2 protein chains.
Amino acid sequence: MKRTVVDTMTLKSFFEPSSVAVIGASREPGKLGHEIFKNIVDAGYKGKLYPVNPKAADVLGIKCYSSIREVPDEVELAVIVVPARFVPSVISDCGEKGVKAAVVISGGFGETGAQGADLERQLVAAARKAGIRVVGPNCQGVNSTAVGLCASWPLVRTKGPISVISQSGTVLAAIACWAEEEKVGVDKMVALGNKCDVDETELLEYFSNEPTTKVIALYIEGVRDGRKFFRVARAAAEKKPVVVLKSGKTAKGAKAVASHTRSLAGKDAIFDSVFKQAGIQRVSSVEELYDVCKAFAGLPLPSGNKVAIITSSGGSGILALDACEELGMNAPDLPVEVSERLKEKLPSECILRNPLDLTGSATSQMYDEALTALGEANAVDAFITIIGDPMPGISDVIFKHVSQGKTIVTVMLGGGKAEAEEKAKLAGYGIPVYSDPVRGAKALAACVRRALKISRG
Amino acid sequence: MKRTVVDTMTLKSFFEPSSVAVIGASREPGKLGHEIFKNIVDAGYKGKLYPVNPKAADVLGIKCYSSIREVPDEVELAVIVVPARFVPSVISDCGEKGVKAAVVISGGFGETGAQGADLERQLVAAARKAGIRVVGPNCQGVNSTAVGLCASWPLVRTKGPISVISQSGTVLAAIACWAEEEKVGVDKMVALGNKCDVDETELLEYFSNEPTTKVIALYIEGVRDGRKFFRVARAAAEKKPVVVLKSGKTAKGAKAVASHTRSLAGKDAIFDSVFKQAGIQRVSSVEELYDVCKAFAGLPLPSGNKVAIITSSGGSGILALDACEELGMNAPDLPVEVSERLKEKLPSECILRNPLDLTGSATSQMYDEALTALGEANAVDAFITIIGDPMPGISDVIFKHVSQGKTIVTVMLGGGKAEAEEKAKLAGYGIPVYSDPVRGAKALAACVRRALKISRG
């Protein structure tokens with residue numbers, strides 16, 4: 001499918017439209033046209049909002065129009081939720097109205113067979129003629145928290161540093177849900193769907209230039225133009241962290257990709273090497289995609305691979321140490337001057353090694369002493385602090401040291417109800433917390449890989 | 001350290017004592033002696049409970065005694081939270097009183113150096129003289145939900161099928177917290193601490209004979225007697241699933257193990273092969289330990305390695321497929337008769353392959369049709385069902401098929417608030433749910449490995 005010349009500036013209408021029409025907005029709860037419209041309302045969209053539906057006078061109390069052509073003002077973005085067969089003509093109407101961009105949520109296009117593919121060609125033709133950029137069709141929409149535009153589901157409103165591009169609506173939604181739940185937040189999210197026009201490469205370029213996006217998460221099954229993707233990805237990764245989850249790794253997986261999104265999964269080894277060369281971090285599960293983005297979003301980049309583990313739980317410390325070693329990080333012995341200093345500051349039961357085991361009688365002050373001593377000695381590049389017991393005040397200690405530029409991956413587990421409070425405080429500070437030492441180590445390893453890639457140039 | 005002849009019957013006093021004294025019970029919130037006593041009260045311990053503390057008239061309104069010798073009735077179990085230096089004489093007092101078992105929470109023994117090791121020898125000598133079995137010292141206690149005895153922290157009360165033996169209190173607590181949160185529940189839990197008497201092998205044997213324990217989780221750093229462990233573990237794994245997390249995999253990890261619990265981590269390759277021969281499932285993180293136990297606890301064992309993936313999310317289905325392939329499971333094509341049958345029953349947009357993609361317009365009824373058709377054709381040994389959208393009624397569908405003996409790993413992600421309700425229902429049915437396709441696949445893989453081991457004899 002040939003494409004129009006890329007003008008990434010036009011993508012702005014997807015994320016900062018001054019007005020939005022939802023074509024197919026419905027009064028009926030449970031219907032997609034209702035849920036999408038309601039989510040835009042509930043997200044507090046800051047522009048003008050027009051429901052379009054010939055059978056309703058209003059939707060959620062907002063005056064409804066029978067056609068987009070009847071909307072009295074300008075419309076910048078159209079969100080389309082009508083049955084597939086109506087979409088090409090709706091796009092033409094949008095063209096007449098001067099709409100700049102359309103998100104086509106509706107399915108029933110290329111993914112369903114020859115007839116749908118024909119409809120999709122008509123959609124593309126109408127959009128090109130009208131000069132309208134299209135996300136979708138057959139997609140879970142777009143979310144831009146800065147302007148309160150949740151043209152997707154579920155409802156996610158918390159502003160944050162992560163932007164997501166996903167060939168799977170569910171992967172997108174999962175990351176959105178976790179980021180909302182943990183108050184990490186998201187910046188912009190796009191479900192690609194059939195990507196009849198806008199694709200991962202163009203979005204990657206756009207997000208790489210967005211100052212509100214600090215890290216880009218990507219779920220892909222294949223790419224349209226490998227060379228171009230590589231070029232754009234490398235440039236993007238020079239500006240900010242890019243984390244990718246690519247499925248179709250195995251032979252059967254690649255076959256399934258072909259029937260899911262008609263993408264060519266390609267040889268996985270080639271992708272793997274492209275990702276490495278481009279300085280993109282590859283992950284192997286949805287949770288890991290989120291975990292790694294969270295680390296990049298909330299922590300300063302370390303300057304190398306030397307890690308100190310500070311723990312109240314001996315066992316968890318060893319699990320983290322095993323993971324660090326397996327992931328190619330280096331957990332050096334404590335420098336003598338640090339051991340000497342900590343011997344004076346910490347109770348005698350503490351094990352002054354790496355892991356530095358503060359034992360079950362650890363307090364926040366002890367973590368503070370340890371972080372200070374190791375930090376001042378410049379002994380390591382990053383920390384994994386494991387809080388394996390209720391630890392009042394720990395969030396403020398971690399916040400203080402992260403604010404001073406330290407890369408600290410915090411792991412909290414086994415602390416029961418007392419833990420939740422400190423977790424919430426850290427979330428408020430924008431500092432990531434992990435529930436398992438190995439998950440924390442994996443997230444840190446991605447940061448270290450990026451740091452080393454940058455330092456090697 | 002030589003040990004007394006093992007009589008596992010005596011371990012019963014740790015888990016079903018008719019009376020418990022908490023020596024060192026405190027009135028002061030925040031103190032361990034208070035938290036432990038309060039947890040036993042709050043867990044609704046069914047037997048007689050005696051706080052012992054010379055400085056208090058009562059603790060939480062329960063009459064307090066200045067010494068265990070002054071308790072007017074028999075005491076079966078003593079939970080000891082006094083400073084280390086008092087413990088040997090307290091154990092002697094317990095002996096005079098006829099106490100059968102003691103959980104020594106207090107630290108300050110072998111783990112702290114030569115002086116502590118000496119105290120620990122005195123403790124052991126006193127216990128042997130008195131015929132008292134000891135868990136600990138330096139441990140996070142014992143929990144037995146059947147009798148409401150939470151002599152540990154945090155407070156965990158939900159009865160369930162998992163028993164845990166852990167050399168780390170935090171690993172124990174983490175599993176307890178997750179099992180409580182998800183209402184999976186636990187049966188019996190023991191933090192080993194310095195294991196001056198009762199060790200992992202003896203507990204493994206005991207739990208393998210406990211009818212309320214359906215699966216045994218083990219976190220270990222080393223074992224005392226390798227041959228004996230192997231013999232007991234193999235016998236236990238013949239009776240029920242045993243899942244092990246062993247740290248000290250790497251050279252540095254093994255060194256850390258030596259300073260944490262003075263265990264010999266041993267060559268990891270040897271452990272790995274021992275676990276395989278014994279039919280024990282090895283995992284590599286705390287979360288995976290919980291994930292796998294949850295699968296064994298809530299699902300019938302599959303009869304082989306053939307898996308069908310049923311999904312509303314194409315992308316998540318492919319991620320699960322990749323994981324299945326990498327984990328040695330087999331996702332065969334759908335038999336022709338199943339495709340034919342489903343072609344009639346399902347909408348045309350569904351992709352009738354494996355993964356069976358019901359698409360974003362999936363309903364619970366469609367999952368039911370798919371599970372029924374595949375189940376009746378006996379096409380596979382197990383299922384991964386991925387719910388990537390709000391799906392009212394799905395819990396009842398899954399429950400129906402699991403009740404009919406089907407092994408169904410359920411993955412829910414991206415469903416927002418609507419998801420929580422169905423998740424809670426599945427928890428009520430005792431059916432595990434995972435938040436990531438790869439985590440679900442890993443849990444299923446452990447079940448498949450056990451099934452194959454059993455079928456090979």
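In this text the structure is predicted, and so the values were computed from the model without any measurement. (Residues numbered from 1 in each chain as written. Chains lettered and ligands numbered in written order. Predicted model: local features only at pLDDT ≥ 70, side-chain atom pairs only at ≥ 80, totals over all residues.)

Engineer: Could you give an account of the packing of helix 6 (residues 200-208) of chain B against helix 7 (residues 226-239) of chain B, naming the residues involved and the relevant values?
Structural biologist: All names here are of chain B. Two elements in contact, helix 6 and helix 7, have axes separated by 9 Å at closest approach and are oriented at 20 degrees. For the element pair helix 6 / helix 7, the angle class is roughly parallel. The two elements helix 6 and helix 7 meet at a crossing, and its hand is left-handed. For the pair helix 6 and helix 7, the contacting residues are Thr201, Leu204, Glu205 and Ser208 in the first and Lys228, Phe229, Val232, Ala233, Ala235, Ala236 and Lys239 in the second. (Axes fitted to C-alpha atoms, helices over the stretch in contact; angles between N-to-C directions. Helix = DSSP H or I, 4+ residues; strand = E, 2+ residues; numbered from the N terminus. Parallel < 35°, antiparallel > 145°, perpendicular 65-115°, else oblique. Left-handed = near helix turned anticlockwise from the far one by under 90°. Contact = placed C-beta atoms within 7 Å.)

Engineer: Would you mind going over the pairing of strand 6 (residues 101-104) of chain B in detail, with residue names and values included?
Structural biologist: Residues and elements named next belong to chain B. Side chains Ala101 and Val103 of strand 6 all project onto a buried face; the interleaved residues Ala102 and Val104 project onto the opposite face, where all are buried too. When strand 5 (residues 77-80) meets strand 6, the two strands line up parallel, connected through 4 bridges. Across the sheet, alanine 78 pairs through a bridge with alanine 102, a residue of strand 6. Between the parallel elements strand 5 and strand 6, the chain passes through helix 3 (residues 87-97) in a crossover that is right-handed. Inspection of the sheet shows strand 6 paired to strand 7 (residues 133-135) by 3 bridges, in the parallel sense. Bridge pairing in strand 7 links alanine 102 to valine 134. Following the backbone out of strand 6, through helix 4 (residues 114-130) and into the adjacent parallel strand 7, one traces a crossover that is right-handed. (Buried ≥ 20, exposed ≤ 12 C-beta atoms within 10 Å, placed from the backbone. Pairing = 2+ DSSP bridges. Right-handed = clockwise from strand over helix to strand, strands pointing away.)

Engineer: Hey, could you go over the nonpolar core for me, with residue numbers and the actual values?
Structural biologist: Membership of the largest hydrophobic core comes to 329 residues, with the highest contact counts inside it found for Val79 and Ala102 of chain A together with Val79 and Ala102 of chain B. When sequence neighbours within four positions are dropped, the list of residues in contact with alanine 102 of chain A reads Ala78, Ile80, Ile91, Cys94, Ala127, Ile132 and Val134 of chain A. (Core = buried A, V, L, I, M, F, W, Y, C linked by C-beta atoms within 7 Å.)

Engineer: Quick rundown of the sheet that holds strand 15 (residues 307-311) of chain B? Include the residues and the values.
Structural biologist: Residue and element names in this part refer to chain B. In spatial order, the strands read 16-17-15-18-19-20; together these 6 strands make up an open sheet with mixed pairing. In this open sheet, the two strands that pair with only one neighbour each are strand 16 (351-352) and strand 20 (433-434). Relative to strand 19 (residues 408-412), strand 18 (residues 382-387) runs parallel, the two being bridged by 5 bridges. The residue of strand 19 that forms the bridge with isoleucine 386 is valine 411.

Engineer: I'd love a proper account of the relation of the copies chain A and chain B, names of residues and values included.
Structural biologist: When chain A is fitted to chain B, the best match, at an RMSD of 0.0 Å, comes from turning it 180 degrees and sliding it 0.0 Å along the axis. Here the transformation between the copies is reduced to the relation of a two-fold axis. Most of the interface of chain A is mirrored in chain B, where 100% of its interface residues again form contacts. (Least-squares fit on C-alpha atoms with pLDDT ≥ 70 in both.)

Engineer: I'd love a proper account of the packing of helix 3 (residues 87-97) of chain A against helix 4 (residues 114-130) of chain A, names of residues and values included.
Structural biologist: Residue and element names in this part refer to chain A. Relative orientation of the contacting elements helix 3 and helix 4 amounts to 5 degrees, with a least axis distance of 8 Å. When the axis of helix 3 is compared with that of helix 4, the two are roughly parallel. On the side of helix 3, the interface is formed by Val87, Pro88, Ile91, Ser92, Cys94 and Gly95, while helix 4 contributes Leu119, Gln122, Leu123, Ala126, Ala127, Lys129 and Ala130. For the contact of helix 3 with helix 4, the per-class residue count stands at 9 nonpolar, 3 polar and 1 charged. (Nonpolar A, V, L, I, M, F, W, Y, C, P; charged D, E, K, R; others polar.)

Engineer: I'd love a proper account of helix 11 (residues 314-326) of chain B, names of residues and values included.
Structural biologist: Residues and elements named next belong to chain B. The first and last C-alpha atoms of helix 11 sit 18 Å apart over 13 residues, in line with the 18 Å expected at 1.5 Å per residue. Listed as buried for helix 11 are Gly314, Gly315, Ser316, Gly317, Ile318, Leu319, Ala320, Leu321, Asp322, Ala323 and Cys324. In the stretch just after helix 11, glycine 328 is the one whose phi turns positive, near 80 degrees. (Expected span 1.5 Å × (residues − 1).)

Engineer: Help me get a handle on the sheet that holds strand 20 (residues 433-434) of chain A, residues and values and all.
Structural biologist: Residues and elements named next belong to chain A. Pairing is mixed across the open sheet formed by 6 strands, whose spatial order is 16-17-15-18-19-20. Lying at the two open borders of the sheet, with one neighbouring strand each, are strand 16 (351-352) and strand 20. Relative to strand 17 (residues 356-357), strand 16 runs antiparallel, the two sharing 2 bridges. Residue pairing for strand 17: isoleucine 351 is matched across the bridge by aspartate 357. Helix 16 (residues 437-456) rests against strand 15 (307-311), strand 18 (382-387), strand 19 (408-412) and strand 20 of the sheet, and its axis sits at about 165 degrees to strand 18.

Engineer: How would you summarise unusual backbone geometry if you had to cite specific residues and measurements?
Structural biologist: A cis amide bond links glycine 136 of chain A with the next residue in sequence, proline 137 of chain A, at an omega value of -5 degrees. By secondary structure assignment, the location of proline 137 of chain A is in the loop between strand 7 (133-135) and strand 8 (141-144). The amide bond that connects tryptophan 153 of chain B to the next residue, proline 154 of chain B, takes the cis arrangement and shows omega of -5 degrees. Counting through the fold element by element, proline 154 of chain B comes out in the loop between strand 9 (149-152) and strand 10 (159-166). Of note, leucine 60 of chain A is a non-glycine position whose phi angle comes to about 50 degrees, a positive value. Looking at the secondary structure, you find leucine 60 of chain A in the loop between strand 3 (58-59) and strand 4 (62-63). Given 15 C-beta atoms within a 10 Å radius, leucine 60 of chain A is considered partly exposed. Residue threonine 359 of chain A is not a glycine yet carries a positive backbone phi of 65 degrees. Position of threonine 359 of chain A relative to the elements: it lies in the loop between strand 17 and helix 13 (364-376). Judged by C-beta crowding, with 22 C-beta atoms within 10 Å, threonine 359 of chain A ranks as buried.

Engineer: Residue-level account of the interface of chain A and chain B, with values.
Structural biologist: On the side of chain B, 60 residues touch chain A, which itself brings 60 residues to the contact. For the side of chain A that touches chain B, the elements supplying multiple residues, two or more each, are helix 5 (169-181), helix 8 (251-261), helix 10 (286-298), helix 11 (314-326), helix 15 (416-428) and helix 16 of chain A. Residue contributions to the side of chain A that touches chain B peak at 10 residues, all from helix 11 of chain A. Class assignment for the residues of the side of chain A that touches chain B results in 20 nonpolar, 26 polar and 14 charged.

Engineer: Please provide a residue-by-residue account of the pairing of strand 13 (residues 242-246) of chain B, values included.
Structural biologist: Residues and elements named next belong to chain B. In terms of burial, strand 13 is largely enclosed, as 5 of its 5 residues are buried. Where burial is concerned, the two faces of strand 13 agree: the one with Val242, Val244 and Lys246 and the one with Val243 and Leu245 are both buried. In this sheet, strand 13 lies alongside strand 12 (residues 215-220) in parallel orientation, the contact comprising 5 bridges. The residue of strand 13 that forms the bridge with leucine 218 is valine 244. With helix 7 bridging strand 12 and the parallel strand 13, this β-α-β connection has right-handed handedness. Sheet topology places strand 13 next to strand 14 (residues 281-283); 3 bridges connect them, and they run parallel. The partner of leucine 245 across the bridge, within strand 14, is valine 283.

Engineer: Can you tell me about the domain arrangement of chain A, naming the residues and giving the values?
Structural biologist: Interface size, as often reported, equals the accessible area lost upon joining of the parts. Residues and elements named next belong to chain A. Domain boundaries in chain A define domain 1 (1-141), domain 2 (158-298) and domain 3 (300-456). Each of domain 1 and domain 2 has a C-alpha centre, and these two points are 24 Å apart. With 21 residues of domain 1 at the interface, the matching set in domain 2 holds 16 residues. Those elements that provide at least two residues to the side of domain 1 that touches domain 2 are helix 4 and strand 7. Looking at which element gives the most residues to the side of domain 1 that touches domain 2, the answer is helix 4, with 4 residues. Taken together, the residues that form the side of domain 1 that touches domain 2 break down as 11 nonpolar, 6 polar and 4 charged. (Domains from an automatic or database assignment.)

Engineer: Run through the environment of glycine 107 of chain A, naming residues and quoting values.
Structural biologist: Positionally, glycine 107 of chain A belongs in the loop between strand 6 (101-104) and helix 4. Glycine 107 of chain A gets classed as buried once you count the C-beta atoms within 10 Å, which come to 22. C-alpha of glycine 107 of chain A to C-alpha of alanine 84 of chain A: the two residues are 23 residues apart in sequence and 6.4 Å apart in space. In contact with glycine 107 of chain A, not counting residues within four places along its chain, are Ala84, Pro137 and Asn138 of chain A together with Glu349 and Gly360 of chain B.

Engineer: Which residues make up the environment of isoleucine 132 of chain B, and what are the values?
Structural biologist: Residue and element names in this part refer to chain B. Here isoleucine 132 is to be found in the loop between helix 4 and strand 7. Overall, isoleucine 132 belongs to the buried group, with 24 C-beta atoms counted inside 10 Å. Linking isoleucine 132 and glycine 30, residues 102 residues apart in sequence, is a C-alpha distance of 29 Å. Discounting chain neighbours no more than four positions away, the residues touching isoleucine 132 are Ile91, Cys94, Gly95, Val99, Lys100, Ala101, Ala102 and Ala127.

Engineer: Could you give an account of the confidence of the model for chain A, naming the residues involved and the relevant values?
Structural biologist: Residue and element names in this part refer to chain A. Model confidence for chain A is summarised by a mean pLDDT of 94, while 97% of its residues fall at 70 or above. Contacts from residues 1-6, a stretch scored under 50 in pLDDT, to residues over four places away or in other chains number 3 contacts. Interface confidence for the predicted complex, expressed as ipTM, amounts to 0.94; the pTM equals 0.95. (pLDDT = per-residue confidence, 0-100.)

Engineer: Can you explain helix 5 (residues 169-181) of chain B? Please cite residues and give values.
Structural biologist: Counting along an α-helix, one turn takes 3.6 residues, and residues three or four places apart therefore face a common direction. Residues and elements named next belong to chain B. When the terminal C-alpha atoms of helix 5 are compared, their 18 Å separation across 13 residues agrees well with the 18 Å that a helix rising 1.5 Å per residue should span. Of all the 13 residues making up helix 5, 11 are buried; the element is thus mostly covered by neighbouring parts of the structure. Within helix 5, burial applies to Gly169, Thr170, Val171, Leu172, Ala173, Ala174, Ile175, Ala176, Cys177, Trp178 and Ala179.

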